[in-house]
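Structure assessment
Now for the letters of each chain:
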Amino acid sequence: MKKVALLGATGSIGDSTCAILRKHPEHFKLYAISAHSNWQKALKLIQEFKPRHVVVTSQESHRAIQQAIKPGLTELHFGANALDALVQEPEVDMVVAGIVGSAGMSSVLAATHAGKTLLLANKESIVAAGALVMPLAKKTGAQIIPLDSEHNALYQCLPQDYQTGSRPKQVSHLTLTASGGPFWSKPLSEFEAITPAQAVAHPQWDMGAKISVDSATLMNKGLEVIEAHWLFQMPEKDIKVVVHPQSTIHSLVHYIDGSVLAQLGTPDMQIPISYGLGMRDRLSNGGAFLDLIALSRLDFLAPDEAKFPCLALARAAIKSGGTAAVILNAVNEISVAAFLSKQIKFMDIPKINAAIMDRFEIAQVESLAQITAIDQEVRALAQQMILQGKTS
Ligand code: NDP
Ligand code: MG
């Protein structure tokens, strides 16, 4: 019986994880959950799973849950520090990092510090703090299993004894597939009119709002190139990207002899999450099986960098190194939020991201405190730029 701490239990990754836990009560106990604003959903999860601990990071939600639960089975905690303490609890066997954005960074580092098995969905923490997380994992023995479908696919195509944080042997390069989001075939002339509702309506995957917008700008693929760079210790030039609108091949490992191993499946996050929870053992999950005849064809295209400049920004951030990815990640969170609240247009996202990247000096990554300070500074400047309407 593995005790699971599910961070971001009220989100999309939380939903898919709970769906698997429900099917395997003999293997897993949902020991702890975290929630932010959705206290109603957190209450339902508390009633259903009766976790030992619940961490809530919004004051309003904390109050609401405190009033609703009776003292007894579940202990309620408040704040980001409580998240860090929770993941370090000796009782916790596995941490599912399903918080969105850099809000998930500190708990990812805390879990790594405690040497936990970390099932990583929160890519932003590796993008911004990969230089801290990966060496720390080596030191503490924390096993980091990627849940992001592309990285999980690569992990599935590497030998059973492969551990993230080292360059895989006999591998020439990696290819990450990208669905291309909702706009890969839309002419650039029509990008001006893209609305938040159109951008979050992903054609293949059902995900949270932030990652859906990132998929639409291809920033998500850019963040994933950075994520792959850290997890698999591969240079940027050896991480290719191909647009594959059917989202059937989830990514490919190219070995030095020309052999290519790929992982295929329906676009359902239960598949990578099952592989993570099973720690490479296969767990049935009730997801749909792939029907190749119904699918009939698989398409591949080169990404269009004029329509999707965010991908090149991410590649540039790897080449610059140091805190460049911290800056890119932070400004992107602000520009996506501003787009979702209709303060800026879709094509302002790459413009603001690029403008802020140009404005900040790059330093060596030293500590979480330094990253957090830069993150805050970038957010403040990006917000100011948006309020002043200076989007380029
Ligand atoms: P959602 O928006 O659906 O869920 C986000 C979760 O994070 C919610 O539980 C939310 O709580 C919580 N949260 C939000 N803000 C904070 C905060 N400031 N402090 C603590 N918790 C917070 O996102 P997804 O589930 O889609 O994505 C989660 C992560 O997984 C992201 O990093 C994403 O890139 C990654 N990922 C997601 C995939 C997917 O299919 N969804 C695929 C691959 C990667 P509440 O709802 O209570 O406010
Ligand atoms: Mg992905």
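Here's a quick rundown of the structure. (Residues numbered from 1 in each chain as written. Chains lettered and ligands numbered in written order. Predicted model: local features only at pLDDT ≥ 70, side-chain atom pairs only at ≥ 80, totals over all residues. Heavy atoms only, no water.)

Take the site of ligand 1 next. Taken together, 24 residues surround ligand 1, and among them Thr10, Ser37, Asn38, Glu124 and Gly208 come closest. Contacts to ligand 1 include Thr10, whose side-chain N or O atom sits 2.7 Å from an oxygen atom. Look at ligand 1: alone it shows 890 Å² of surface, and the protein chains cover 86% of it. Taken together, the elements giving at least two residues each to the shell around ligand 1 come down to helix H1 (12-23) and helix H6 (123-140). Its residues assigned to classes, the shell around ligand 1 comprises 10 nonpolar, 11 polar and three charged. (Near = heavy atom within 4 Å. Polar contact = N/O pair within 3.5 Å; in protein donor to acceptor, adjacent residues only side chain to side chain. Areas by Shrake-Rupley, 256 points an atom, 1.4 Å probe, with all protein chains shown as cover. Helix = DSSP H or I, 4+ residues; strand = E, 2+ residues; numbered from the N terminus. Nonpolar A, V, L, I, M, F, W, Y, C, P; charged D, E, K, R; others polar.)

Moving on to the coordination of the magnesium ion (ligand 2). Any two of four tetrahedral donors ideally make an angle of 109.5 degrees at the metal, while pairs among six octahedral donors ideally make 90 or 180 degrees. Every protein donor of the magnesium ion (ligand 2) is accounted for by Asp148 (OD), Glu150 (OE) and Glu224 (OE), and the metal-donor separations fall at 2.1 to 2.2 Å. Read in sequence order, the donor residues for the magnesium ion (ligand 2) give the motif D-x1-E-x73-E. With Glu150 in helix H7 (residues 149-157) and Glu224 in helix H10 (residues 219-231), the pair connects residues that are 74 residues apart, well separated along the chain. For Glu224, a relative accessible area of 1% gives the class buried. (Donors = N, O, S within 2.8 Å, 3.2 Å for Na, K, Ca; no water. Buried < 20%, exposed > 50% of the residue type's maximum accessible area, 1.4 Å probe, protein only.)

Below, the discussion takes up helix H15 (residues 348-359). With 12 residues, H15 should cover 16 Å at 1.5 Å per step; its first-to-last C-alpha distance of 16 Å lies within 8% of that length. Three or more residues of H15 are buried, namely Asp348, Ile349, Pro350, Ile352, Asn353, Ala355, Ile356 and Met357. (Expected span 1.5 Å × (residues − 1).)

Further remarks concern the pairing of strand E4 (residues 75-78). As paired strands, strand E3 (residues 53-56) and E4 are joined by four bridges and run parallel to one another. Its bridge partner being in E4, Val55 is matched across the sheet by His77. Crossover handedness for the path E3 to helix H3 (residues 59-68) to E4: right-handed. (Pairing = 2+ DSSP bridges. Right-handed = clockwise from strand over helix to strand, strands pointing away.)

Our focus in this paragraph is the sheet that holds strand E2 (residues 28-35). With respect to topology, seven strands assemble into an open sheet ordered E4-E3-E2-E1-E5-E6-E7, the strand pairing being parallel. This sheet does not close on itself; its edge strands, each paired only once, are E4 and strand E7 (143-146). Going across the sheet, the axis of each strand differs from the next one's by a mean of 20°, ignoring polarity. Summarising the sheet, strand E1 (residues 2-7) and E2 pair through five bridges and their orientation is parallel. Pairing of Leu6 across the sheet is with Ile33, part of E2. (Axes fitted to C-alpha atoms, helices over the stretch in contact; angles between N-to-C directions.)

Take Arg22: it is sitting in helix H1. What makes Arg22 partly exposed here is its relative accessible area of 42%. Through-space distance from the C-alpha of Arg22 to that of Ser172 is 40 Å; in sequence the pair is 150 residues apart. Not counting the four nearest positions on each side in its chain, Arg22 is found in contact with Leu45, Glu48 and Phe49. A distance of 2.6 Å separates polar atoms of two side chains, one belonging to Arg22 and the other to Glu48. (Contact = heavy atoms within 4.5 Å.)

So, on to the nonpolar core. By size, the foremost hydrophobic cluster in this structure holds 126 residues, and its most contacted members are Phe232, Leu277, Phe346 and Ile356. A total of 11 residues in this core trace back to one element, the largest contributor, which is helix H14 (residues 324-340). Leave out the neighbours within four places in its chain, and Phe232 touches Pro146, His151, Leu154, Tyr155, Leu158, Tyr162, Thr164, Ser166, Arg167, Pro168 and Leu174. (Core = buried A, V, L, I, M, F, W, Y, C linked by side-chain atoms within 4.5 Å.)

In contact at an axis separation of 5 Å, helix H9 (residues 209-217) and H10 are set at 95° when each is read in the N-to-C sense. The pairing of H9 with H10 is recorded here as roughly perpendicular in orientation. Along the contact surface, H9 presents Lys210, Ile211, Asp214, Ser215 and Thr217, while H10 presents Met219, Asn220 and Leu223. Taken together, the residues of the contact of H9 with H10 sort by class into three nonpolar, three polar and two charged. (Parallel < 35°, antiparallel > 145°, perpendicular 65-115°, else oblique.)

It is worth stressing that arrangement in space is one thing and function is another; only the former is reported here.
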